[in-house]
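# Structure assessment
These are the residues of each chain, in order.
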Amino acid sequence: MKNEKCITVLASGPAYGSGRIFSTCNILEMLQIQSPTFNSCDFFHGPFEITDKNEAFFLLIADGRTRKADERAITFMKKYAGDKVYMLDAKELGLNNLKDSVAEYFNHLLFTPILNNVYMKALSKATGVDYTTRRYIWKVAY
């Protein structure tokens, strides 16, 4: 996604906070790539119309009560989006090992470090934009 002008982030329920932080604070602010964030539950009330084969999407798939909304978005993306869809699934990352009654409370704790410390660093390196400098400027400005 290093050459994308816009990366749309979809997330729901317990993963929405991680998606919003990643989209707004990291992609948009630090890398200066446009990055709207949509809740997967609201995606089909209008934002789905931006979907086409040339748009980049990043989906966080939560483990919990809103997973069905994320799965609906996945089904839609597989049919109408192109090859620029990246998915990060909480169950594939190990939340499926926790009891269903508590698993959703750990989505944010799981996603945020991966997005901030792994994906963000890789995207920063790929784009050639030093996000640590931007973070420093932000701290000085505020």
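Before reading further, recall that the structure is shown in the block above.
Keep in mind it's a predicted model, so treat the numbers as computed, not measured.

## Some points on helix α2 (residues 67-80)
Here α2 is 14 residues long and its end C-alpha atoms lie 20 Å apart, about the 20 Å a rise of 1.5 Å per residue gives. Within α2, burial applies to R67, A69, D70, A73, I74, F76 and M77. Those residues of α2 hidden inside the fold are in contact with β1 (7-11), β3 (56-61) and β4 (85-89).

## So, the pattern of salt bridges
One pass over the full model with this rule turns up 4 salt bridges. Between E71 and R67 there is a salt bridge, with the nearest N and O atoms lying 3.0 Å from each other. Taken together, the residues E71 and R67, both in helix α2 and 4 residues apart, mark about one turn of the helix. Given the relative accessible area of 12%, R67 is considered buried. Between R67 and D89 there is a salt bridge whose closest N-O contact spans 2.9 Å. Of this pair, R67 sits in helix α2 while D89 is found in strand β4, placing the two residues 22 residues apart along the sequence. The same class applies to R67 and to D89, which are both buried. Several salt bridges share partner residues, and in doing so they unite R67, E71 and D89 into one network.

## Examining the sheet that holds β1
Reading across the sheet, the 4 strands line up as β2-β1-β3-β4 and stay open at both edges, with parallel pairing between neighbours. Two strands close off the open sheet at either side, each with one partner strand: β2 (37-39) and β4. Between one strand axis and the next, the sheet turns through 20° on average, direction left out of account. Strands β1, β3 and β4 of the sheet are contacted by α2, whose axis makes an angle of about 150° with β3.

## Brief notes about a nonpolar patch on the surface
A cluster of nonpolar residues, L98, V102, Y105, F106 and L109, forms a patch on the protein surface that exposes about 480 Å² of accessible area. Take Y105: it is sitting in the loop between α3 (100-103) and α4 (107-127).

Thresholds applied
Residues numbered from 1 in each chain as written. Predicted model: local features only at pLDDT ≥ 70, side-chain atom pairs only at ≥ 80, totals over all residues. Heavy atoms only, no water. Helix = DSSP H or I, 4+ residues; strand = E, 2+ residues; numbered from the N terminus. Expected span 1.5 Å × (residues − 1). Buried < 20%, exposed > 50% of the residue type's maximum accessible area, 1.4 Å probe, protein only. Contact = heavy atoms within 4.5 Å. Salt bridge = Lys/Arg side-chain N within 4 Å of Asp/Glu carboxyl O. Pairing = 2+ DSSP bridges. Axes fitted to C-alpha atoms, helices over the stretch in contact; angles between N-to-C directions. Patch = residues over 30% accessible without salt bridge, like charges linked within 9 Å, V, L, I, M, F, W, Y side chains within 5 Å. Areas by Shrake-Rupley, 256 points an atom, 1.4 Å probe, with all protein chains shown as cover.

Without other data, these values stay purely geometric and don't point to any function.
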